[in-house]
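Structural features, examined
As a plain string of letters, each chain reads:
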Amino acid sequence: MMTIVDTNSPGTAAASRSITPRAIKIAADSLSCYFGSVHALKNVSLSVAEKSVLAIIGPSGCGKSTFLRSINRMHELAVDSRITGTLRLDGEDIYRMDAVALRKRVGMVFQKANPFPTMSIFDNVIVGLKMNGLRNKKDLSEIVEWSLRRAALWDEVKDSLSKSGVSLSGGQQQRLCIARTLAVNPEVILMDEPASALDPLSTAKIEELIHELKQQYTIIIVTHNMQQAARVSDQTAFFYMGELIELDDTTRIFTTPARKQTENYITGRFG
Amino acid sequence: MTTALQTYRKSKNTIMYALCILSTIAALVPLVLIFYHTVSLGASALNWDFFTKLPKPVGETGGGLANAIVGTLTLVGLGCVIGLPVGITTGIFLAEFGGNMYGTVVRFLTDVLNGVPSIVTGVVAYTVIVLPMHHFSAYAGGFALGILMIPVVTRTTEEMLRTVPQSYREAALALGIPQWKTTLRIILPTALGGIITGIMLAVARAAGETAPLLFTALNNRFWHNTLDQPIASLTVFIYNYGVSPFEDWIAQAWAGALVLIFLILLLSVAVRVATRPRY
């Protein structure tokens, strides 16, 4: 199992390996995931330090989304899914936790922005808390403003909070979905290709946001865009055919990868 | 330059377009005819008395079908009390949790129930409600109509919930919202428009039924005092008056049909307005 350390300054990455690593937020040990007879994730062991960004890259069908969804147990929506191995959040076994409680601690942003069409912008942000019993109007308003500010959307929507969430542009909708995730105050945010359906400007905003958010949250982002992985992440994991091929500091993965497969993939020779 | 292939495609397009228009007209003609016929024959018997008075005894002219209008609304209301909760919850079950053997069986049985002739439902209601109670009643009529509504409501609820993209379920669950709240407070409201359509279809079907009421609600020329008495309905009055030899009764039957059509129309519009989406 590899230990992930603070790599905010790439030049000192090697040096920082020897100093005390940050607390481990998420640790997978020999994690395998099956859907029926399909072996989607094979024996993956890795760990993610808290308040860092891990990017997961790899060709389609390599298991990166499956890995992401196994962290908040969304893979269980498929009735024939099965997991072996362990996955821990702060040392606690995720598969022994209550799924609803787990998902309050591990938020998720999806590839396609999916604000609820029957709700206003305000209600979209607050839905997670409202459905879990928070009623105080003043608290709700404060959380809405805080979440939208954190998601860098407040200035654009503060005068139209009662408008429909789907009236926003694609990029705004995705930031609304991030605000909705932040409102629940999770510890970990999973992002499944959050910018792949967005234009370059909106993508830049989301990436900027990821930089902001990692001050406070642990982020795992699946992306097909290798420049994006290089820009936003501290660590990068390369998945291929359901296996974790290589995990290292992002700068190292993109400059001197240890494995031939990784090099072939990032230089565009396959995948 | 127009090639032969282009000409062929364009003419095929024109022919298909014409066929579509023709089919639309063919579908609308009966509707217009029914409406025209009902209005022209029934409008003459429509007056204030028709909505406020009881039917007059044989031989006397005038009177109205006030009790039948209220009766039909009562029976459909009772039907809704039984049919909607069962239908909607079964639909939710089939759409959200019905991907197993049990769901398949329920779905099949619902289709079978949908195919049962309404008069058979009436006989069943007669056996299980009227016989033990020893008299006809509004309850029995409402029970029969409720049974008829269940499969229509179930299947439309299921179909409409299925049109809600999976991404909304995932988004809600990923926020730590429990499954049941996700279904009831997020998925159900998203599909509400279509479910309302299904409910109104079921209501219209129930309001237009005669056969199951003959065995259950019977009929009543007076006001019903309680719901365990026989109760009047527009459809049974239309049936009785329509086959009578009296001209004013026949005219009243047409007027009853007209009122029934408008009642359902008004109800549909009112429900649509009340449940229209906010955005």
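The rules we used
- Every chain's residues receive numbers from 1 upward, in the order its sequence appears when written.
- Following the order in which they are written, the chains are lettered starting with A and the ligands numbered starting with 1.
- Owing to the predicted nature of the model, reporting of local features is limited to residues with pLDDT of at least 70; listing and counting of side-chain atom pairs is limited to 80 or more, with chain, interface and lining totals taken over all residues.
- Only hydrogens and water are set aside; all other atoms, that is, all heavy atoms of the structure, feed into the side-chain values.
- Secondary structure elements are taken from DSSP: a helix is a run of H or I of four residues or more, a strand is a run of E of two residues or more, and numbering for both begins at the N terminus.
- The contact definition used throughout considers only heavy atoms, calling two residues in contact when any of these lie within 4.5 Å.
- Under the convention used here, a 1.4 Å probe and the Shrake-Rupley method define accessible areas, while residue burial counts only the protein chains that appear.
- Note that His is not counted, nor are the chain ends; the positive residues are Lys and Arg, and the negative ones are Asp and Glu.
- Here the site of a charge means atom NZ of a Lys, CZ of an Arg, CG of an Asp or CD of a Glu.
- By this rule the span expected of a helix is its residue count minus one, scaled by 1.5 Å.
- Think of it in three bands: residues with accessible area under 20% of the maximum for their type are buried, residues over 50% are exposed, and the middle band is partly exposed, with areas taken using a 1.4 Å probe on protein chains only.
- Note that the arc is defined by the directions from the helix axis to the C-beta atoms.
- We call two N or O atoms a polar contact when they sit within 3.5 Å, provided that within protein one can donate a hydrogen and the other can accept it, with sequence-adjacent residues counted only if both atoms are side-chain atoms.
- A 1.4 Å probe defines the accessible area here, and the buried area is the portion of it lost by two parts on being joined, summed over both.
- A pair is scored as a salt bridge if a Lys or Arg side-chain nitrogen falls within 4 Å of a carboxyl oxygen belonging to Asp or Glu.
- When residues are sorted by character, Ala, Val, Leu, Ile, Met, Phe, Trp, Tyr, Cys and Pro go into the nonpolar class, Asp, Glu, Lys and Arg into the charged class, and all the rest, Gly among them, into the polar class.
- Two strands pair under a simple rule: DSSP has to find at least two bridges between them.
- Axis definition: a line fitted to C-alpha atoms, over the contacting stretch in the case of helices. Angles run 0 to 180 degrees between N-to-C directions.
- To count toward a patch, a residue needs a relative accessible area over 30% and no salt bridge; like charges are then connected within 9 Å, while nonpolar side chains (Val, Leu, Ile, Met, Phe, Trp, Tyr) are connected within 5 Å.
- How sure the predictor is of each residue is captured by pLDDT, a score from 0 to 100.
- Working definition of a nonpolar core: buried Ala, Val, Leu, Ile, Met, Phe, Trp, Tyr and Cys residues. They are joined through side-chain atoms within 4.5 Å.
- Working definition: roughly parallel below 35 degrees, roughly antiparallel above 145 degrees, roughly perpendicular at 65 to 115 degrees, and oblique for all remaining angles.
- In a left-handed crossing the near helix is turned counterclockwise from the far helix by less than a right angle, and in a right-handed crossing that turn is clockwise.

On to the overall build of chain B. Scanning chain B from terminus to terminus reveals 12 helices and zero strands. Sequence-ordered secondary structure for chain B, helices as α and strands as β, is α-α-α-α-α-α-α-α-α-α-α-α. Dimensions of chain B, computed from C-alpha atoms along their principal axes, come out at roughly 75 × 60 × 35 Å. Contacts in chain B between residues far apart in sequence, at least 24 positions, make up 73% of those at least 6 positions apart. Only carbon and sulfur atoms are counted for the fraction: they give 72% of the accessible area of chain B, which is about 14600 Å². Of the charged side chains in chain B, 16 are positive and 11 negative, and the gap between their average positions amounts to 14 Å.

All names here are of chain A. The first and last C-alpha atoms of helix H5 (residues 137-150) sit 20 Å apart over 14 residues, in line with the 20 Å expected at 1.5 Å per residue. When we look at burial in H5, the residues that qualify are Leu140, Val144, Ser147, Leu148 and Arg150. All buried residues of H5 fall inside an arc of 155° around its axis, so they share one side. Residues of H5 that are buried make contact with helix H4 (121-130), helix H6 (154-157), helix H7 (170-183) and helix H8 (200-213). Here H5 starts with a cap whose side-chain oxygen sits 2.9 Å from the backbone nitrogen of Lys138, and that cap is Asn136.

Let us look at the interface of chain A and chain B. Residue-level contacts link 30 residues of chain A with 19 residues of chain B. Its largest share of buried area at the contact with chain B, chain A owes to A:Phe116, A:Thr118 and A:Met131, together 30% of the area lost on that side. Scanning the region where chain A abuts chain B turns up one salt bridge. Between A:Arg69 and B:Glu170 there is a salt bridge, and its shortest N-O distance comes to 2.8 Å. Linking chain A to chain B there are four residue pairs in polar contact (both at pLDDT 80 or more). Every element with two or more residues in the side of chain A that touches chain B is listed here: helix H3 (99-105), strand S6 (106-109), H4 and H7 of chain A. The class makeup of the residues in the side of chain A that touches chain B is 13 nonpolar, 10 polar and seven charged.

Quick look at the sheet that holds strand S8 (residues 218-222) of chain A now. Residue and element names in this part refer to chain A. Strand order in this open sheet of six strands is S6-S7-S8-S3-S9-S10, and the pairing throughout is mixed. Two strands close off the open sheet at either side, each with one partner strand: S6 and strand S10 (243-249). Taken over all neighbouring pairs, the strand axes of this sheet differ in orientation by 20° on average, direction set aside. The pairing of strand S7 (residues 188-192) with S8 spans five bridges and is classified as parallel. The residue bridging Leu190 from the neighbouring strand is Ile220, located in S8.

With that settled, the discussion passes to a nonpolar patch on the surface. Residue and element names in this part refer to chain B. A surface patch of nonpolar side chains, about 640 Å² in accessible area, is lined by Ile34, Phe35, Val39, Ile261, Phe262, Leu265, Val269 and Val273. The set of elements that each furnish at least two residues to the nonpolar patch consists of helix H1 (4-42) and helix H12 (247-274). Broken down by element, the residue count for the nonpolar patch peaks at five residues, all from H12.

With 100% of its residues at a pLDDT of at least 70, chain B reaches an overall mean of 93. Across the interface, the model reports ipTM at 0.87; the global pTM reads 0.84.

Take unusual backbone geometry next. All names here are of chain B. Positive phi outside glycine occurs at His134, with the angle close to 70°. Overall, His134 belongs to the exposed group, its relative accessible area being 70%. Look at Leu218: it is not a glycine, yet its phi comes out positive at around 60°. Among the secondary structure elements, Leu218 is positioned in the loop between helix H10 (211-214) and helix H11 (234-242). Residue Leu218 is classed as partly exposed on the basis of its relative accessible area, which comes to 34%.

Let's shift gears to the sheet that holds strand S1 (residues 24-35) of chain A. Taken in spatial order, the four strands make up an open sheet running S2-S1-S4-S5 (chain A), and their pairing is antiparallel. Looking at which strands have only one partner, the edges of the open sheet turn out to be strand S2 (38-49) and strand S5 (92-93) of chain A.

In this structure, A:Phe67, A:Ile71, A:Phe116, A:Ile220, A:Phe239 and B:Ile186 are the most contacted members of the largest nonpolar core, which totals 89 residues. At nine residues, the largest contribution of residues to this core is made by helix H3 (residues 66-97) of chain B. Apart from residues no more than four positions distant in its own chain, A:Ile71 is found in contact with A:Ile26, A:Leu87, A:Ile94, A:Leu102, A:Val106, A:Leu190 and A:Ile220. Of all hydrophobic cores here, the second largest spans 41 residues; its members include A:Leu129, A:Leu153, A:Ile219 and A:Ile221.

Further remarks concern the packing of helix H9 (residues 192-207) of chain B against H12(B). Axes are the key here: two packed helices are described by the angle between their axes and the distance separating the axes. All names here are of chain B. Two elements in contact, H9 and H12, have axes separated by 10 Å at closest approach and are oriented at 160°. Of the possible angle classes, the one that applies to H9 and H12 is roughly antiparallel. Where H9 crosses over H12, the handedness of that crossing is right-handed. Contacts between H9 and H12 involve Gly193, Ile196, Thr197, Met200, Val203, Ala204 and Ala207 from the first element and Leu260, Ile264, Leu267, Ser268, Val271 and Arg272 from the second.

Let us now look at H7(A). All names here are of chain A. Between its first and last C-alpha atoms H7 spans 20 Å; for 14 residues at 1.5 Å apiece the expected length is 20 Å, and the two agree. By the criterion of burial, H7 is predominantly enclosed, with 13 of the 14 residues buried. Following H7 by one or two positions, Asn185 adopts a phi angle in the positive range, close to 60°.

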